[in-house]
Amino acid sequence: MIRFAAICAVSLFAPFCLACSRQDNPKGALLSYEYRYNGSMSRSGLYYKVERTEEGIRITFSDQGSWGVKRVYSGPDDALDTIARKAAWGKLKRMKERYKTPFHVLDGWDWSVHLRYESGRISSGGYMSRPPKAQTDAIEGINAYIGTLLTEENILGTASPED
C-alpha cells in the first residue's frame, strides 16, 4: 500500500518537476559561446564570442562591452570542446533564464550568456543579479580561458560593433 501511494505521489508531481526545468538538455557538440557584460558606465563591459567558421575557430572580443570595437582572433580547434566541458562541470544548464534584483535600480549592469549546441541551447542573463556561485564561477572560468587565447599572434583584425 505504501508503494502504491508513493507511485501515485510521484506520478502526480512529476509534471511539475519537469515544468521547473530551467534549460534545455542540449545534445551534440557546442557550436558557439557568447557572453556579454554591460557596465553602468558608457563603453564599459566585456564581450566574448567563440564560434566555429569555415576557416576554423573565431573568437571575437571587446573590453568595451557589446557596443565597443571588437577584435577578432583565431583559436585552437578544441576551444569549443574545452568550453563545453567547463559548462558541463559548472552545471550551466541549471541556470534560470533570467536573474533580476528585487530592488528598483535605474542605472546598473546586465549580463547574458548563450551556448548553442547541435541540438538545444543554454541561455541566461540578468540585471543586477547573477546565478549561484557555481555557475558564476564556471562562466568566469570560461571567460578566463578565452582570455588566454587572445594573443597578438592570433589576432585577425577588428569587427564592427554590430558583429
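Refer to the preceding data block for the structure.
Residues numbered from 1 in each chain as written. Predicted model: local features only at pLDDT ≥ 70, side-chain atom pairs only at ≥ 80, totals over all residues. Heavy atoms only, no water.

### Quick look at the overall build of the protein
Stated precisely, the cut-off is as follows: Secondary structure is summarised from DSSP: a helix means a run of H or I of at least four residues, a strand means a run of E of at least two, and numbering begins at the N terminus for each. Only protein chains enter the accessibility calculation, which uses a 1.4 Å probe. A residue is then buried if its area is under 20% of the maximum for its type, exposed if over 50%, and partly exposed in between. When checking whether two residues touch, look at their non-hydrogen atoms; a contact exists if any pair is within 4.5 Å. Each accessible area is a Shrake-Rupley estimate made with a 1.4 Å probe; only the visible protein chains count as cover when residues are assessed.
Each helix and strand in the protein was counted, giving three helices and eight strands. Reading the protein from its N terminus to its C terminus gives the helix and strand order α-β-β-β-β-α-β-β-β-α-β. In the protein, which comprises 163 residues, the share counted as buried stands at 37%. Across the protein, the fraction of contacts at a sequence separation of at least 24, relative to all contacts at a separation of at least 6, is 63%. As displayed, the protein has an accessible area near 10,100 Å², and 56% of this comes from carbon and sulfur atoms.

### Details of the pairing of strand β3 (residues 56–62)
This is how it is decided: The pairing criterion is simple: DSSP has to find at least two bridges between the two strands.
With six of its seven residues buried, β3 lies for the most part within the structure. Here strand β2 (residues 45–53) pairs with β3 via seven bridges, running antiparallel. Looking at β3, one finds that V50 is bridged to I59. Linking β2 back to β3 in an antiparallel pair, the connection comprises two residues. Pairing analysis gives five bridges linking β3 to strand β4 (residues 70–75), with the strands arranged antiparallel. Opposite F61, over in β4, you have R71 as the bridge partner.

### With respect to the nonpolar core
The condition is simple: As used here, the term nonpolar core means buried Ala, Val, Leu, Ile, Met, Phe, Trp, Tyr and Cys residues forming a set that is joined through side-chain atoms within 4.5 Å.
Residues Y33, I83, L92, L115 and I146 are the most contacted members of the largest nonpolar core, which totals 28 residues. Taken together, the elements giving at least two residues each to this core come down to β1 (27–38), β2, β3, α2 (79–89), β6 (110–119) and α3 (133–149). Considering every element that reaches this core, the biggest residue donor is α3, with six residues.

### Structural notes on a positive patch on the surface
Our working rule: Nonpolar side chains (Val, Leu, Ile, Met, Phe, Trp, Tyr) within 5 Å and like charges within 9 Å form the patches, drawn only from residues with over 30% relative accessible area and no salt bridge. When a carboxyl oxygen of Asp or Glu is within 4 Å of a side-chain nitrogen of Lys or Arg, the pair counts as a salt bridge. For this count, His and the chain ends are skipped, Lys and Arg are scored as positive, and Asp and Glu as negative. Charged groups are reduced to one reference atom each: NZ for lysine, CZ for arginine, CG for aspartic acid, CD for glutamic acid.
Judged by side-chain charge, K27, K91, K93 and R94 come together as a positively charged surface patch. Examined against the element boundaries, K93 turns out to sit in the loop between α2 and β5 (98–100). Taking relative accessible area as the criterion, K93 reaches 43% and is therefore assigned partly exposed.

### A look at the side chain of S112
Here S112 is to be found in strand β6. Ignoring anything within four residues of it in the chain, the contact list for S112 reads E34, Y35, R36, S124 and G125.

### Some words on the pairing of β2
Pairing of β1 with β2 involves seven bridges; the strand directions are antiparallel. Each residue of the ladder has a partner; that of Y37, found in β2, is L46.

### Notes on the packing of aromatic side chains
Cut-off, in case you're wondering: Working definition: a ring pair exists when centres of Phe, Tyr or Trp rings (six-membered ring for Trp) sit within 6.5 Å. Plane angles under 30 degrees give stacked, over 60 give edge-to-face, the rest tilted. Geometrically, a lysine NZ or arginine CZ counts as sitting over a ring once it is within 6 Å of the ring centre and also within 35 degrees of the ring normal.
Using the criterion set out here, one finds four aromatic pairs in the structure. With centroids separated by 6.4 Å and ring planes inclined at 45 degrees, the aromatic side chains of Y35 and Y48 adopt a geometry described as tilted. Note that Y35 is positioned in strand β1 and Y48 in strand β2, a separation of 13 residues in sequence. Taking the relative accessible area as the measure of exposure, Y48 reaches 8% and is therefore buried. Cation over ring: K70 sits above Y47, and NZ or CZ is 4.7 Å from the ring centre. Residue placement shows R130 over the ring face of W109; its charged tip is 4.6 Å from the ring centre.

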